[in-house]
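Descriptive structure summary
What follows is the residue order along each chain.
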Amino acid sequence: MLKINNLSKKYDDLLVLDNINLEIADSEFICLLGPSGCGKTTLLRIVAGLEEATTGRITLNNQSITGPNTCIGMVFQDYALFPWRNILDNAIFGLEMKGVDKETARNKARKYLRLLGLERFEKSHPHELSGGMKQRVAILRALLIKPEVLLMDEPFGALDAQTRNQLQIELLKIWNKDKKTVLFVTHSVDEAAYLADRVIILSKRPGRIKETIEINLPRPRDRTSMEVNKIRSRVLKTLGAEQEAQA
Amino acid sequence: MLKINNLSKKYDDLLVLDNINLEIADSEFICLLGPSGCGKTTLLRIVAGLEEATTGRITLNNQSITGPNTCIGMVFQDYALFPWRNILDNAIFGLEMKGVDKETARNKARKYLRLLGLERFEKSHPHELSGGMKQRVAILRALLIKPEVLLMDEPFGALDAQTRNQLQIELLKIWNKDKKTVLFVTHSVDEAAYLADRVIILSKRPGRIKETIEINLPRPRDRTSMEVNKIRSRVLKTLGAEQEAQA
Amino acid sequence: IKTDEREEITTLSIGYQPSTHQAAHITAMEKGWWERDLAPFGIEKVIDKQFPSGPPEMQAMLAGDLDIAYVGSAPPITAIAEGLDAKIVACVNTNGSDLVLRPEINYTTPEDLKGLTIATFRAGSIQDTVFKKWLIDNNINPITDLTIKEMGPGDAITAISSKSVDGVFLPHPSPTIIESQGTGKTVIQSGEMWPSHSCCVLVVSGTLIRERPDLVEQIIKTHINATEYNLAHPEEAARLAAEKLSMNESLLSKSLKTWDGKWCTDPRVSIPSTLEYANVQYELGYIKKPLREEDLFDTSFYEKITE
Amino acid sequence: MPHGRLLRVISLAGATIIWEIAASVVNDPLFLPRFTEVIQTFYHVVASGDLLRDLFESLMHFGIGLGLGIVIAIPIGMMMGWSRTADNIIDPLVELVRPIPPIAWIPFAIIWLHLTHYAAGFIVFMGAVFPILINTYAGFRDTPQILIDSGKVLGCVRSRDLIKKIALPYALPSIATGVRIAMGVGWMCVVAAELFGVSNHGLGYKVWWYKDIHQMDGVLTYMLILGIVSLTIDRVFRYITDERLLKWKTGLVRNK
Amino acid sequence: MPHGRLLRVISLAGATIIWEIAASVVNDPLFLPRFTEVIQTFYHVVASGDLLRDLFESLMHFGIGLGLGIVIAIPIGMMMGWSRTADNIIDPLVELVRPIPPIAWIPFAIIWLHLTHYAAGFIVFMGAVFPILINTYAGFRDTPQILIDSGKVLGCVRSRDLIKKIALPYALPSIATGVRIAMGVGWMCVVAAELFGVSNHGLGYKVWWYKDIHQMDGVLTYMLILGIVSLTIDRVFRYITDERLLKWKTGLVRNK
Ligand SMILES: Nc1ncnc2c1ncn2[C@@H]1O[C@H](COP(=O)(O)OP(=O)(O)OP(=O)(O)O)[C@@H](O)[C@H]1O
Ligand SMILES: Nc1ncnc2c1ncn2[C@@H]1O[C@H](COP(=O)(O)OP(=O)(O)OP(=O)(O)O)[C@@H](O)[C@H]1O
Ligand SMILES: [Mg+2]
Ligand SMILES: [Mg+2]
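Read on for a plain summary of the structure.

The rules behind each value
Residues numbered from 1 in each chain as written. Chains lettered and ligands numbered in written order. Predicted model: local features only at pLDDT ≥ 70, side-chain atom pairs only at ≥ 80, totals over all residues. Heavy atoms only, no water. Core = buried A, V, L, I, M, F, W, Y, C linked by side-chain atoms within 4.5 Å. Buried < 20%, exposed > 50% of the residue type's maximum accessible area, 1.4 Å probe, protein only. Contact = heavy atoms within 4.5 Å. Buried area = accessible area lost by both parts, 1.4 Å probe. Salt bridge = Lys/Arg side-chain N within 4 Å of Asp/Glu carboxyl O. Polar contact = N/O pair within 3.5 Å; in protein donor to acceptor, adjacent residues only side chain to side chain. Helix = DSSP H or I, 4+ residues; strand = E, 2+ residues; numbered from the N terminus. Nonpolar A, V, L, I, M, F, W, Y, C, P; charged D, E, K, R; others polar.

**A short note on the nonpolar core**
- Leu99, Leu113 and Phe131 of chain C, Ile123 of chain D together with Ile123 of chain E are the most contacted members of the largest nonpolar core, which totals 242 residues.
- Not counting residues up to four positions away in its chain, the partners in contact with leucine 99 of chain C are Leu113, Ile118, Phe131, Trp134, Val168, Phe169, Lys185, Thr186, Val187, Ile188 and Met193 of chain C.
- Formed by 92 residues, the second largest nonpolar core is a distinct cluster that contains Leu22, Leu140, Met152 and Val235 of chain A.

The structure is reproduced here in structure tokens:
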């Protein structure tokens, strides 16, 4: 259970997050939406232990988070792969830091690369791969150290529509198997409607939780079904109002 | 009337476009979809006169297109604004080249910048603007020389979902007023369904016209309406088949 | 500590310049006399280093790289003033520099130099000092009446042959080289400007003087021998110098026939003009305190050998 | 960042004190002149008016070389960057001459230009011309195709217009960088240029002059002056280009 | 591109012919030696074994200076790039010493290191150390926060590990660029380093030697040799770094 209590964050005098309270159950898939600059990335970075909260507290299974921590993995929009390492060595970075023997780690990673259809590219460097392939490797890298929570900051934001759909499907497959807790930031209403158990919408800066929408639809969902469409409309409306408030 | 007759394009031995035939009526709004690398950009560049066709012919009102031409405007995904010019001077570039006096041109551009809510930024340089603002300027720049045809190559591809929606609305407003012929490349099925009179789907490389879908819905359309949803499903299916063929 | 520092001297370094003025060193070096004569004193090796002019040679000596230097008598003045621990122990030559003008320039009196550009060695060198003193003696202002450019011998020869300057005032063999190229002709020799002015001298480091007077004595003896040999066999001196300096032998022999320089050994010959150089340098601000004879010279060795 | 500035002041002050102490311990002005001696010498060269004269001559040599470098390098670099043919013809010659150290041109400088200020300028030129040439070339060659294309569809189709309206403005920051590098290299060459007697003044000349009379405090004083002038030139140029001419480019870099 | 290559060959051949003709017309070997004379001199210095000896000594001076530069600049640059405090303390001193032209250090090189190969190496060092320092610094400072962050969430939290696993590999291309620039500047300094008589061999020394005996064909021959060696060093280094060590970076640049 990931608990966020009375969390606020100020950069100097700029209040970015204002009293966020959120409880995320184990294995829950949360999507976080909100206008640009409302503090979504900041929230994720605080949960990851990369940034300190100004006030408030975050606990994972009742343990405070005080710094980066292998119980929590993170995937960034820009992939953040290490450009000087090949795909295989990118994937095993976390295992390497844990002290796992390199060859053992590589063999383990190879297995997953095969599942992702990337085995032919294990010696390639990130610049030789498409965005979708890079993001697959980044997700694999985060998962290989078996975190309990996976934070994803607009992971598919830079991909074209078709690759994006495909990665959503693959992500759900992984999630179905591992049942990690996922906190997923996106700007795409479709994406949120397709993926989430619960959609959380933040207000414009300072970010506050504005609305929470539960989605109790079975997966895999039909993107063009009535029910999904209804969710989309509801999210769009809330966001639209927020947009106008911003303008 | 823009006519594309038996158009093919080869790069060395790589056949990119294979016998494209297309007639676009005046004021028609066409969206062009297709898998990555199928030649959409190449087609637009040939129409713009930036590239030569290997075989075939393009005519605008029965006149062959042999080189860049102010009858045809183009908007690029990366905005392609001149970074050293401020917003106002970017907008008037085309007028300047036509020999219009600078002050006259500026006054004309200012009027439109005001309509776009950009009057406060006329002295700003492109790097100081958000993506959406930059694309507005790029569109204005293309329109100021009053082309008959407007080519747009994934113009909103780099924008976040909300800005994207807004620019779609603005683009339709402009189109409603000017009734230019528009040839619009996109990867987003939603976007095509929201904008186009006719959606043209290209096959994977070498690009051939695979399907043409007419959309006879009134504008402004409701993105979440049943009818729009139906169009989306149809386009998605055709594209999905193409995707699989590609994999 | 003291005893450690006084390790045996087994190698000697000698500085010199590519000039017939210093033929004594060249002859002694090429004939192996240095090593032969100094071996009994524990010297296993004698090496020599060539310098384009006196100042860098003195800088090397200041840095501790040279034990002995064949050098013009002016450069040691600034060096000793800045703390060089060394003394002049013998004369090497007097006179030996010529004023050479481009052939088309007519020269009858020093007045004719007005408005010309003349190249000579750097400020503080013998050539610079002798030339300027002569100009002043002839009522010509060396700053306003003509332009004096400072450079080494190689650059000066290039400068006159490319007509960058109207004339040069240089030590031999440069004047002969210029005449042979047809790019200049000698109009006056330095002995005429300042009779018997000191030119090159033999400088020995203070360490040697204090710790190995026996060695210093032999060095001066070898220098005297080589000088006497050269005086008796100028053709041979020219041949050895030509070989060592990669110059044309007949040119050097011609230089030795036409120059007004005199090879010598007695340091007392150099004293008056050297002291006058020191005076001039003090007045020009090149040195911060005036120097006396005992600061610059140690004639005791020479006197002991010759008495 | 007042904390940072404090550290910087402490650092400089500390270094000065260490220098002075070290010099007292060594107690050999030839090996290491004291800071206080250098200050005195500096005061002396300023008061005597020497410095002004030296600065003037050095800036003249620098200016001749840099000016000539700009005038020659920019057009050639533009040609090479714009036309593949020009590139293929000129590049091999540039590649041959460029790596020759500027100081090695001294013999020919003397023969070709005699002992004039132009000879000194020529050495500076040899150091300055290639950085400008190469950066102009790179700026032109790297002009994004999309900017050229967008110019073309807006009616800018003639080569002359494309160069004037698009390639040149695009390349300007790169050219400015080239000029900045050239100023650094050129200034270094001033010391070499004043080695061979083109005049009896100049900051570089004075380094050699003080060396010849073994006054190392003078040498060090002029070394520091050379450094400070170089720094000043660089800062002024950077201020002018960054803050005025090329605002848009700094913005691009900052936002990256 | 065989067409391009042809143009390049024509260009070089044309330049040679023009040179030979110009030299015949001028007919003054001091002003402009002929190409054929230079070839003869070249043959002579190769056949006599002089070239090998000169090359060896020059490479030694170059190697001493560059090696020392690398060993000193990289750790300092790393410290400055990683820690703001170190940056604030070291930077003012670097900014003070850096703009002093390397050649101006000759007087102190002689006094401190005497007429040894180390004195020549010291001049090269003064040219080489700052480009490496500054590029190491920039590489470290510019390490993207996102790479550091992603290292941290993967369990790489200690400074030592972050430097070793992330900042250093990231900075490596920048360091390599610094070394390349340093090799260019350092090689230029070789000519200055061999000006003051540390030995009677060396490519730079020979330029001065031939100048002093007015054989301009010798001067030109050694100038060209200096250029060719510089070019070769640069190409070899580029080949090693680009094609082997730093494949990933070239990829990044190409794909931009
Ligand atoms: N290190 C920082 N120092 C100062 N302000 C910061 C810092 N990081 C972020 N901010 C500010 O905090 C606010 C929230 O930023 P954040 O990146 O969390 O927004 P976001 O919701 O992720 O936006 P987007 O949707 O554009 O990614 C912004 O106004 C930003 O300028
Ligand atoms: N100048 C060129 N030379 C050689 N091949 C090219 C050139 N331009 C494009 N191509 C190739 O032509 C094909 C089609 O490219 P194009 O950019 O038109 O595709 P696209 O449909 O616009 O793709 P995307 O959706 O990714 O933008 C690609 O395989 C590309 O590699
Ligand atoms: Mg964000
Ligand atoms: Mg495209």
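**A few points about the interface of chain C and chain D**
- Between chain C and chain D, the residue contacts involve 25 residues of the former and 20 residues of the latter.
- When the buried area of chain C at its contact with chain D is split by residue, Glu82, Arg122 and Glu150 of chain C rank highest and sum to 27% of it.
- The partner of lysine 288 of chain C in a salt bridge is aspartate 217 of chain D, and the shortest N-O contact between them spans 3.6 Å.
- At the boundary of chain C with chain D, the tally comes to nine residue pairs in polar contact (both at pLDDT 80 or more).
- Sorting the residues of the side of chain C that touches chain D by element identifies α4 (54-62), α5 (75-81), β8 (147-150) and α7 (153-161) of chain C as the ones contributing at least two each.
- Here the side of chain C that touches chain D gets five residues from one element, more than from any other, and that element is α4 of chain C.
- Of the residues contributing to the side of chain C that touches chain D, the split by class is twelve nonpolar, six polar and seven charged.

**Let's talk about the interface of chain D and chain E**
- At the junction of the two partners, chain D supplies 49 residues and chain E supplies 50 residues.
- Taking both partners together, chain D and chain E bury about 4700 Å²; carbon and sulfur atoms supply 78% of that area.
- For chain D, the biggest contributors to the area lost against chain E are Arg8, Phe108 and Met223 of chain D; these three give 13% of the whole.
- In this structure, the connection of chain D to chain E is made through four salt bridges.
- Measuring nitrogen to oxygen at the nearest pair gives 2.7 Å for the salt bridge that ties arginine 8 of chain E to aspartate 91 of chain D.
- Connecting chain D to chain E are ten residue pairs in polar contact (both at pLDDT 80 or more).
- Take the side of chain D that touches chain E: its biggest share by element is ten residues, from helix α10 (residues 216-245) of chain D.
- Looking at the side of chain D that touches chain E, its residues break down into 37 nonpolar, six polar and six charged.

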